[in-house]
Amino acid sequence: QVQLVESGGGLVQPGGSLRLSCAASGIIFSIRDMGWYRQAAGKQREAVASITSGGSTNYADSVKGRFTISRDNAKKMVYLQMNSLKAEDTAVYYCNADLILGLTTSRNFWGQGTQVTVSS
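So, here is what we can say about the structure in this document. (Residues numbered from 1 in each chain as written. Predicted model: local features only at pLDDT ≥ 70, side-chain atom pairs only at ≥ 80, totals over all residues. Heavy atoms only, no water.)

Some details on the overall build of the protein chain
Next, step 1: From N to C terminus, the protein chain includes 0 helices and 11 strands.
Next, step 2: When the helices and strands of the protein chain are placed in sequence order, the string is β-β-β-β-β-β-β-β-β-β-β.
Next, step 3: Across the 120 residues in the protein chain, those meeting the buried criterion constitute 38%.
Next, step 4: Sequence-distant contacts in the protein chain: of pairs separated by 6 or more residues, those separated by 24 or more amount to 55%.
Next, step 5: Counting every atom, the protein chain has about 6400 Å² of accessible surface; 47% of that belongs to carbon and sulfur.
Next, step 6: Positive and negative charge centroids in the protein chain, built from 12 and 8 side chains respectively, lie 3 Å apart. (Helix = DSSP H or I, 4+ residues; strand = E, 2+ residues; numbered from the N terminus. Buried < 20%, exposed > 50% of the residue type's maximum accessible area, 1.4 Å probe, protein only. Contact = heavy atoms within 4.5 Å. Areas by Shrake-Rupley, 256 points an atom, 1.4 Å probe, with all protein chains shown as cover. Lys, Arg positive; Asp, Glu negative; His and termini not counted. Charge placed at Lys NZ, Arg CZ, Asp CG, Glu CD.)

This is the structure:
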C-alpha cells in the first residue's frame, strides 16, 4: 500500500527544537510537492511549510526563520526542522504529498499526524 507516516513529534520546552520526519512508502514512481500542515486544538488546519520537487520552499509567516523543510527523494522522505519552538506551535502536525503512482496517475496523501507539544 501507499502511505505517508510521520514521526518525531513529542513534548519539548519553549525555545527547544524538534525534527519531524515523513516517510512515503509503497510503489511510488516519484514525489511532487510535499508539505507540512498543523492543526491546533479548536482551530482549522493550516499550512506550515511546503517544498516542491525542485526544492523551492514556502513557509507560513508564523514559522518563517524558525522552521526548515527539506526532502530526500532517494529515501522518499520529507523533514521539518523546528527551532525556537513556541507554545503556539503546539498542534498535530500532518505530512501531505502529491505522489506519482504511474505514468498518468497522481494522488494526494495525508499522514496520520504526529503530536507536537511545546510546554514548560
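Continuing now.
What to know about the sheet that holds strand β3 (residues 18-25)
Next, step 1: Sheet architecture is open: 4 strands sit in the order β1-β3-β8-β7, paired in antiparallel fashion. Lying at the two open borders of the sheet, with one neighbouring strand each, are β1 (3-7) and β7 (67-72). Across the sheet, the axes of successive neighbouring strands diverge by a mean angle of 15°, strand direction being ignored.
Next, step 2: Inspection of the sheet shows β7 paired to strand β8 (residues 77-82) by 6 bridges, in the antiparallel sense. Residue pairing in the sheet places Phe 67 in a bridge with Met 82 of β8. (Pairing = 2+ DSSP bridges. Axes fitted to C-alpha atoms, helices over the stretch in contact; angles between N-to-C directions.)

Points about the side chain of Arg 66
Next, step 1: Secondary-structure assignment places Arg 66 in the loop between β6 (57-59) and β7.
Next, step 2: In this structure the side chain of Arg 66 is engaged in a polar contact, spanning 2.8 Å, whose partner is the backbone oxygen of Ser 62.
Next, step 3: Leave out the neighbours within four places in its chain, and Arg 66 touches Gln 81, Met 82, Asn 83, Ser 84, Leu 85, Lys 86 and Asp 89. (Polar contact = N/O pair within 3.5 Å; in protein donor to acceptor, adjacent residues only side chain to side chain.)

Some words on a nonpolar patch on the surface
Next, step 1: Nonpolar side chains collect at one region of the surface, where Ile 27, Phe 29 and Leu 103 lie side by side and expose about 430 Å² of accessible area between them.
Next, step 2: For Phe 29, a relative accessible area of 52% gives the class exposed. (Patch = residues over 30% accessible without salt bridge, like charges linked within 9 Å, V, L, I, M, F, W, Y side chains within 5 Å. Salt bridge = Lys/Arg side-chain N within 4 Å of Asp/Glu carboxyl O.)

Topic: the packing of aromatic side chains
Next, step 1: By the definition in use, this model includes 2 aromatic pairs.
Next, step 2: Relative to Trp 110, the ring of Tyr 94 lies with its centre 6.5 Å away and its plane at 85°, an arrangement referred to as edge-to-face. Of this pair, Tyr 94 sits in strand β9 (residues 91-100) while Trp 110 sits in strand β10 (residues 106-110); the two residues are 16 residues apart in sequence, bridging distant segments of the chain.
Next, step 3: Taking relative accessible area as the criterion, Tyr 94 reaches 14% and is therefore assigned buried.
Next, step 4: Relative accessible area serves as the criterion here: at 38%, Trp 110 is assigned to the partly exposed category.
Next, step 5: Members of the aromatic cluster, connected to one another through ring pairs, are Tyr 37, Tyr 94 and Trp 110.
Next, step 6: Note that Arg 19 overlies the ring of Tyr 79, its terminal NZ or CZ placed 4.1 Å from the centroid.
Next, step 7: Over the face of the ring belonging to Tyr 94 we find Arg 45, whose NZ or CZ atom lies 3.7 Å from the ring centre. (Phe/Tyr/Trp six-rings, centres within 6.5 Å; stacked < 30°, edge-to-face > 60°. Lys NZ or Arg CZ within 6 Å of the ring centre and 35° of its normal.)

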